[in-house]
Amino acid sequence: MKMKKTIALLLMGALFYNAQAQQAVGRPESLQRFKNTTTMVVLEKNPMLEYNFKIKETVEKHWNINNYEIITFSTSDFEKARKDSTKAFLVKNTVYNEKDKTKSKFDYLCVELGGDYEFIRQMPDIASVPICYNGVDEESYGYKLGILCQFLQNHIKLTTENPKLNSKNILKYYNSQMADIHDKTLYLVDCELNPDLNTEAKIKAVYPYKFKIVTREEAEAAIDRKDPDVVLLHKVGPEGTRKKEVRCYKAIIGASDARLYYFAYHMISDKAKEGMLAKDFQKLAKAKKK
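Nothing here was measured: the structure is a model prediction, and the numbers come from that model.

What counts and how
Residues numbered from 1 in each chain as written. Predicted model: local features only at pLDDT ≥ 70, side-chain atom pairs only at ≥ 80, totals over all residues. Heavy atoms only, no water. Helix = DSSP H or I, 4+ residues; strand = E, 2+ residues; numbered from the N terminus. Buried < 20%, exposed > 50% of the residue type's maximum accessible area, 1.4 Å probe, protein only. Phe/Tyr/Trp six-rings, centres within 6.5 Å; stacked < 30°, edge-to-face > 60°. Lys NZ or Arg CZ within 6 Å of the ring centre and 35° of its normal. Core = buried A, V, L, I, M, F, W, Y, C linked by side-chain atoms within 4.5 Å. Contact = heavy atoms within 4.5 Å.

Caption draft 1: Representation of unusual backbone geometry. One non-glycine residue, lysine 226, lies in the positive phi region at around 50°. Positive phi outside glycine occurs at alanine 258, with the angle close to 55°. Take alanine 258: it is sitting in the loop between strand 9 (247–254) and strand 10 (260–267). Among the residues examined, alanine 258 registers a relative accessible area of 2% and is labelled buried.

Caption draft 2: Structural context of the packing of aromatic side chains. Summed over the entire model, instances satisfying the criterion amount to 9 aromatic pairs. Relative to phenylalanine 281, the ring of tyrosine 207 lies with its centre 5.8 Å away and its plane at 50°, an arrangement referred to as tilted. Placement of tyrosine 207 in the loop between helix 7 (200–204) and strand 7 (211–214) and of phenylalanine 281 in helix 9 (residues 278–286) is noted, with a sequence separation of 74 residues between them. Residue tyrosine 207 is classed as buried on the basis of its relative accessible area of 1%. Three or more aromatic residues link up through ring pairs in this structure, and these residues are Phe106, Tyr133, Tyr249 and Tyr265. The residue whose ring lies beneath lysine 92 is tyrosine 51, and the NZ or CZ to ring-centre distance is 5.1 Å. Here the basic side chain of arginine 121 rests over the ring of phenylalanine 119, its NZ or CZ set 4.4 Å away from the ring centre.

Caption draft 3: Examining the nonpolar core more closely. Judged by nonpolar contacts, the single largest core of 66 residues is most densely connected at Ile55, Leu90, Leu109, Val111, Leu152 and Leu232. Tallying contributions element by element places helix 5 (residues 145–161) first for this core, with 8 residues. Excluding its chain neighbours within four sequence positions, the residues that come into contact with valine 111 are Phe34, Trp63, Phe89, Leu90, Pro124, Asp125, Ile126, Ala127, Leu152 and Ile156. The next biggest cluster of nonpolar side chains, apart from the first, holds 22 residues, and it includes Leu186, Tyr261, Met276 and Ala287.

Following this line, the structure appears as structure tokens:
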């Protein structure tokens, strides 16, 4: 897919990069316009990509905020549809921050609005979430697409219904829920664990609440059944494509309601490897209910 040369856009992008010029919450007029749209689920140009099969399956299970249709990015139908103000688009974009010295590129799942815009990059984003570093294997994020689609929808609903939430206070709102995970089981996918914190004994030493080391299949099953007792780690890391001096992002999201309970990032180094760090678990353990 053609790269959109833009700073990481809404919620997670603005939070991760602290991009002052961008909004973490969609403009009120854009959020209101979304209510009357049909979402076009945009497939990648290559019909054989696993993403295309997975996103179709995902929206069938998890997309319920409005009606949707399937469309391919490379067809003339897409170019015509994107000019239609009654259409929204669920699309995977490659994104980077021009101020980021690491020049890291990420794949984001975005909800954008159609309209009479000359360029694709001008289409308003109303919700975005990073799914992976650009270039990592699709299996590293495919099992999480359900919860990420739910998060996008919930964020749209939340910011539409609560106009007082804005770019300055949305992070505080989400972080205020951190301690609620103490009543749930934290799922940690085995292949995503920090090499220094990859056993039950090591994790228990820094996190006294319930957790379970699971496979990707077990995590996806919890998402599909909307398990109210489970929260999941969503890690965005280079997965071995680059080992040092790049960011590793960590978010914890509810399996049943896609609530965002926690996010943080660190620069990967010999002392701070990819995955949850001890200080992440300690912060979660010390969180107090409001």
